[in-house]
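Architecture and fold: a report
This is what each chain is made of:
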Amino acid sequence: MSAPSELTLELRESNWDRLGSEQFDILIIGGGSVGAGAALDAATRGLKVAMVEARDLACGSSSRSSKMFHGGLRYLQPNPIPQFGLVAESLHERELSMHTLAPHLVKPLKFIYPLTTPFFERIMMFCGFTLYDRMGGAKTVPMQKHFSRKKILKKIPSLKPNATCGGVQYYDTLVDDARHTMMVTRTAAKYGAVIRTSTQVVDFLKEGDRVVGVTIKDTEDGRTQNVKASAVINATGVWTDEMQNLSGATAKFHVHQSKGIHIVVPKDRIKSDSALCFVTEKSVLFVIPWGNYWIVGTTDTSWKLDLAHPAATKTDIDYVLEELNSRLQEPVTYADIVGVYAGLRPLVAQAGQENTEKLARNHEVARLCPGLVSVAGGKYTTYRVIGKDAVEAAIKDVPGQVAKSTTEETPIIGADGYWALTNQLDALASKYGITVDQVEHLLNRYGSLIFDVLSYAKNDASLKKPITNAEGYLRVEAVYAAAVEGALHLEDVITRRTRISIEYDDRGMDSAQEIADLIAPILGWDDATKEKEVELYRDRVVAELNSQKAITDEEADALRNQAEEARPAYVDDVDKK
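Residues numbered from 1 in each chain as written. Predicted model: local features only at pLDDT ≥ 70, side-chain atom pairs only at ≥ 80, totals over all residues. Heavy atoms only, no water.

For the record, the criterion: UniProt positions are given in the numbering used here, feature names are shortened, and annotations may be inferred rather than shown by experiment.
Looking at an unreviewed UniProt entry, one finds the protein named Glycerol-3-phosphate dehydrogenase, with Lawsonella clevelandensis as its source organism. Here the protein is described in UniProt, under the heading Cofactor (unreviewed entry), as follows: "FAD". Entered under Subcellular location (unreviewed entry) in the UniProt record, the comment concerning the protein runs "Cytoplasm".

**Quick notes on the UniProt feature "domain: Alpha-glycerophosphate oxidase C-terminal" (unreviewed entry) in the protein**
Our working definition: Secondary structure elements are taken from DSSP: a helix is a run of H or I of four residues or more, a strand is a run of E of two residues or more, and numbering for both begins at the N terminus.
If you check UniProt for "domain: Alpha-glycerophosphate oxidase C-terminal" (unreviewed entry), the listed places come out as residues 405-530 in our numbering. As annotated, residues 405-530 comprises 55% helix and 6% strand, and the C-alpha atoms at either end are separated by 43 Å.

**What about the packing of helix 15 (residues 490-497) against helix 18 (residues 527-547)?**
Geometry of a packed helix pair, given as the angle between the helix axes and the separation of the axes. What counts here: Only the contacting stretch of a helix is used when fitting its axis, a line to C-alpha atoms as for every element, and angles between N-to-C directions run 0 to 180 degrees. The cut-offs work like this: below 35 degrees is roughly parallel, past 145 is roughly antiparallel, 65 to 115 is roughly perpendicular, and the gaps in between are oblique. Contacts are assigned to residue pairs that have any heavy atoms within 4.5 Å of one another. Residue polarity follows a fixed list, in which Ala, Val, Leu, Ile, Met, Phe, Trp, Tyr, Cys and Pro are nonpolar, Asp, Glu, Lys and Arg are charged, and the others, Gly among them, are polar.
The contact between helix 15 and helix 18 brings their axes to 8 Å, and the two run at 45°. Taken together, the axes of helix 15 and helix 18 lie oblique to each other. For the pair helix 15 and helix 18, contact is made by L490, E491, I494 and T495 and by E533, V534, Y537 and R540, respectively. Classifying every residue of the contact of helix 15 with helix 18 gives four nonpolar, one polar and three charged.

**Details of the domain arrangement of the protein**
Note the cut-off: Residue ranges assigned to each domain were obtained from an automatic or database domain assignment. What gets called buried area is simply the loss in accessible area from a 1.4 Å probe that two parts show on being joined, summed for both. Here, a salt bridge means any side-chain nitrogen of Lys or Arg that lies within 4 Å of a carboxyl oxygen of Asp or Glu. Counting of polar contacts relies on pairs of N or O atoms within 3.5 Å, with two restrictions inside protein: one atom must be capable of donating a hydrogen and the other of accepting it, and residues adjacent in sequence are counted only when both atoms are side-chain atoms.
For the protein, the domain assignment lists domain 1 (9-62 + 179-252 + 353-397), domain 2 (99-176 + 256-349) and domain 3 (418-561). Placing the centre of domain 1 and that of domain 3 at their C-alpha centroids yields a distance of 27 Å. Taken together, the contact between domain 1 and domain 3 spans 13 residues of the former and 14 residues of the latter. When the two sides are added together, the surface that domain 1 and domain 3 hide from each other amounts to roughly 1,200 Å², 47% of it contributed by carbon and sulfur. The interface formed by domain 1 and domain 3 includes three salt bridges. Joining domain 1 to domain 3, the criterion identifies seven residue pairs in polar contact (both at pLDDT 80 or more). Counting residues per element, the ones that place at least two in the side of domain 1 that touches domain 3 are helix 1 (9-21) and helix 6 (177-190). The element best represented in the side of domain 1 that touches domain 3 is helix 6, accounting for four residues. In terms of residue class, the side of domain 1 that touches domain 3 is built from six nonpolar, two polar and five charged.

**Topic: the side chain of R55**
As a reminder, the rule being used: The classification of residues rests on relative accessible area computed with a 1.4 Å probe and restricted to protein chains. Under 20% of the type maximum is buried, over 50% is exposed, and intermediate values are partly exposed. Asp and Glu are treated as the negative residues and Lys and Arg as the positive ones, with His and the ends of the chain left uncounted.
On the secondary structure map, R55 appears in the loop between strand 2 (49-52) and strand 3 (68-69). It is E565 that comes nearest to the buried, bridge-free R55 among opposite-charge side chains, at 4.5 Å. Once residues lying within four places of it in the same chain are set aside, the contact partners of R55 are G60, T197, S198, W239, A308, H309, E565, R567 and Y570.

**Observations regarding the state of the cysteines**
Put simply, the rule reads: Cysteine sulfurs are considered disulfide-paired once they come within 2.5 Å of each other.
Overall, the coordinates contain zero disulfides when judged by the stated rule. We note that C165 lacks a disulfide partner, and the nearest cysteine sulfur, in C277, lies 15 Å from it.

**Some thoughts on the pairing of strand 2**
So the rule is basically this: Strand pairing is assigned whenever DSSP identifies at least 2 bridges connecting the two strands. With the strands aimed away from the viewer, a crossover counts as right-handed if its path from the first strand over the helix to the second runs clockwise.
Residues V49 and M51 line one face of strand 2 and the alternating positions A50 and V52 line the opposite face, and both faces are buried. Bridge analysis of strand 1 (residues 23-29) against strand 2 gives four bridges, and the strand direction is parallel. Bridge pairing in strand 2 places I26 opposite V49. As for the winding sense of the linkage, the β-α-β connection from strand 1 through helix 2 (residues 33-44) to strand 2 is right-handed.

**Examining a positive patch on the surface**
For the record, the criterion: Patches draw on residues past 30% relative accessible area with no salt bridge. Two like charges within 9 Å are joined, as are two nonpolar side chains (Val, Leu, Ile, Met, Phe, Trp, Tyr) within 5 Å. Throughout, the Shrake-Rupley method with a 1.4 Å probe supplies accessible areas, and for residues the shown protein chains are the sole cover considered. A charged residue contributes its charge at one atom only: NZ of Lys, CZ of Arg, CG of Asp or CD of Glu.
Together, K145, K150, K151 and K154 give the surface a local cluster of positive charge. Sorting elements by how many residues they give to the positive patch places helix 5 (residues 149-155) first, with three residues. Its location among the elements puts K154 in helix 5. With a relative accessible area of 65%, K154 lands in the exposed category.

**Things to note about the pattern of salt bridges**
In total, this model carries 41 salt bridges according to the counting rule given. D177 serves as the salt-bridge partner of K67, at 3.1 Å between the closest nitrogen and oxygen. With K67 in the loop between strand 2 and strand 3 and D177 in helix 6, this residue pair connects regions lying 110 residues apart in the sequence. The residues K67 and D177 share a single accessibility class, namely buried. Linking D177 and R499 is a salt bridge whose minimum nitrogen-to-oxygen distance equals 2.6 Å. Taken as a pair, D177 in helix 6 and R499 in the loop between helix 15 and helix 16 (500-503) lie far apart in primary sequence, 322 residues in all.

**What to know about the packing of helix 14 (residues 475-483) against helix 17 (residues 509-523)**
Stated formally: Handedness of each helix crossing follows the sense of rotation of the near helix against the far helix: counterclockwise by less than a right angle gives left-handed, clockwise gives right-handed.
The contact between helix 14 and helix 17 brings their axes to 9 Å, and the two run at 35°. For helix 14 against helix 17, the interelement crossing comes out right-handed. Contact with helix 14, carried on its side by R475, A478, V479, A482 and A483, involves E514, I515, L518, I519, I522 and L523 of helix 17 and no other residues of that element. Considering only residue class, the contact of helix 14 with helix 17 consists of nine nonpolar, no polar and two charged.

**Some remarks on the environment of D539**
When you line up the elements, D539 lands in helix 18. Spatially, the C-alpha atom of D539 lies 25 Å from that of D176, the residues being 363 residues apart in sequence.

**Observations concerning the environment of T130**
Tracing the backbone shows T130 in helix 4 (residues 120-137). Placed 435 residues apart in sequence, T130 and E565 show a C-alpha to C-alpha distance of 49 Å. A polar atom in the side chain of T130 sits 2.6 Å from the backbone oxygen of F126. Here Q144 takes part through its side chain, which lies 2.8 Å from a polar atom of the side chain of T130.

Here it is, written out as structure tokens:
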């Protein structure tokens, strides 16, 4: 029988007791996409597994991507050599997620790649896209289609006439990264994984040269205890080096942090029937449809400052606007921007390599010493494979026979019955007294868990109303985030369980009080705590807005860190041994 997939406050407390009293086969450090993927892989093999996260699920890189599962078309370029294996693997995983594992969360997305020079570029792109299609890029979606300049300008009315001489249409996918990671984590819990957020690893337990567990700290109240495990997986992304140093083991690789920023603008500012992909001198610029908005990015620059809160600078935003506006008839301005976010890519670095564009996007797994495995690098798209590979390395230290991975055949919660429900939009809308658009919105966020979500509004019809000043979300979604999805703080709800923080120009400040009022009874907040949570969130927004006016990373970092952490006992820089 499977365990509950809910991440409730009550379960969080019992999991603390379990972590301190039970022996685990595998303990995973890090609640991002790779940690979640590893937890699901280990749990579905029948192993006794735990996963701890210092802050919130997907709190780092896994909530700050370009929101795509993509095949990695640009990795077919000689940079320095084509990465055929990575592209083939990515395309396989993209198809698997879109049709089997998470069809409610991963959606096909049509792209246009505008051409800028005649003849030669079209021939080169035809060859590249043909290879992409044959490697799996057109398995269940249409293959490449070429258009004339006239047709492209009709499909993308906002494009400058002199910005293109034609274009190529192809497909990738769209995903809410933070929601996907949370749902993978809940699926791992369903199969028995012990999950706990706000739980930071502050030391490693050793017997001789063997790692036998870790010391954890509750970042809400500061209490500590030891956790025993046959094997520990370090899946902390950009914190990989910090954890490796803390363990005292000799690292087999190190991680280079590459910052990528995105801006969010209203849909009416760019007229196009497709997502767009442009190649710049320094990065790839995507224009991704996101509900009523476009997400535009990204950049690719080194970052050596605060890992928890990478800051977007005015320089970063100017770059994105400049590249975007060089191609548009009507420029997008600062006044149009409703959201900005910055994330870090954990790239496996080679000695002497500093240009992040040249670093490979492959992942690395290394057994640093008996009982300790580190994993880093790779793409979000291949999270399942990365997690599987990490577990494969870790089970060498797990006694007994271990079953093979089954995650290729294990759908994420909410996937079961999703396709049937998409044919019942009108009936569901009538049954629950909400609009068809709201039903579709819920299905694409929760899948067949829609009934579980709406059950929280059974005795309170007001919860089926939109959140004031964040009308794209229902009030019940905030309640569900705190009751079931493991949100412990206001910022968890506004920035990751929903995307209010990047979808409204007030950055969620105008809806913060209402959301706090909704989740306070669930999380046991008194009035003082509720007031503090709202204050913390608003301070965070102000700090981010101030940092986005800075010119340098150093200035932006200092301004962003003026905001207090929501988790009072969290320490970003774990003391080095």
